[in-house]
Structures are given as C-alpha cells and as structure tokens.
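# Working through the structure, step by step
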Amino acid sequence: MAVLSADDWEALIEWLETLEDVAIAKEAFAQLKAAGGDRGKAGWVKWTDVADDVA
C-alpha cells in the first residue's frame, strides 16, 4: 500500500492518460499507413463533418 498526495495522484493519472493517448495515436497512424495514406479508407472523418456533434 502507498499513500500519495493529491498532487502526486493527479500527476499519476495525467501520466496514465498520456500513455493511453499515445497508444491511440499510434494505432490511428498505423491504420492510416495500412490504408496507404487515404484518411477515408483508414476511417478518419473530416472535422467539418463532425464539428457540430463535438461542440
């Protein structure tokens, strides 16, 4: 068992989230490479097509 300060806990969570983000980005770029650079074939969507859904 370990006791962490709130700041250390937040830093740990941020570090884990960063690792997750890196893994997601690597997978997305692997899919893009496999699709020969074609974003549509890789499943990427245009920002203009989804901007209203995100906001």
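Residues numbered from 1 in each chain as written. Predicted model: local features only at pLDDT ≥ 70, side-chain atom pairs only at ≥ 80, totals over all residues. Heavy atoms only, no water.

### Here we look at the packing of aromatic side chains
Put simply, the rule is: Here a Phe, Tyr or Trp ring, Trp counted by its six-membered ring, pairs with any other such ring whose centre lies within 6.5 Å, and the pair is stacked when the planes are under 30 degrees apart, edge-to-face when over 60, and tilted otherwise. A helix here means a DSSP run of H or I that spans at least four residues, while a strand means a run of E at least two residues long, and both kinds are numbered starting from the N terminus. Burial classification: accessible surface area is computed with a 1.4 Å probe over protein chains only, and a residue below 20% of its type maximum counts as buried, one above 50% as exposed, and the rest as partly exposed.
A complete count under the given rule lists one aromatic pair for this structure. Seen in terms of ring centroids, Phe29 and Trp44 are 5.7 Å apart; in terms of plane orientation they differ by 75 degrees. Their pairing is edge-to-face. With Phe29 in helix α1 (residues 6-34) and Trp44 in the loop between α1 and α2 (47-54), this pair connects stretches of sequence that are 15 residues apart. The exposure class of Trp44 is partly exposed, given its relative accessible area of 29%.

### Topic: the environment of Arg39
Put simply, the rule reads: Contacts were defined at the residue level, with two residues in contact if any of their heavy atoms lie within 4.5 Å.
Relative to the elements of secondary structure, Arg39 occurs in the loop between α1 and α2. Among the residues examined, Arg39 registers a relative accessible area of 55% and is labelled exposed. A sequence separation of twelve residues divides Arg39 from Ala51, and the C-alpha atoms of the two residues are 17 Å apart. Residue contacts for Arg39: discarding those within four places in its chain leaves Leu32 and Trp44.

### Focus: the environment of Leu16
Tracing the backbone shows Leu16 in helix α1. Leu16 sits 15 residues away from Met1 along the chain, and the two C-alpha atoms are 19 Å apart.

### Things to note about the environment of Asp49
Positionally, Asp49 belongs in helix α2. The sequence separation of Asp49 and Ala2 amounts to 47 residues, and the corresponding C-alpha distance is 47 Å.

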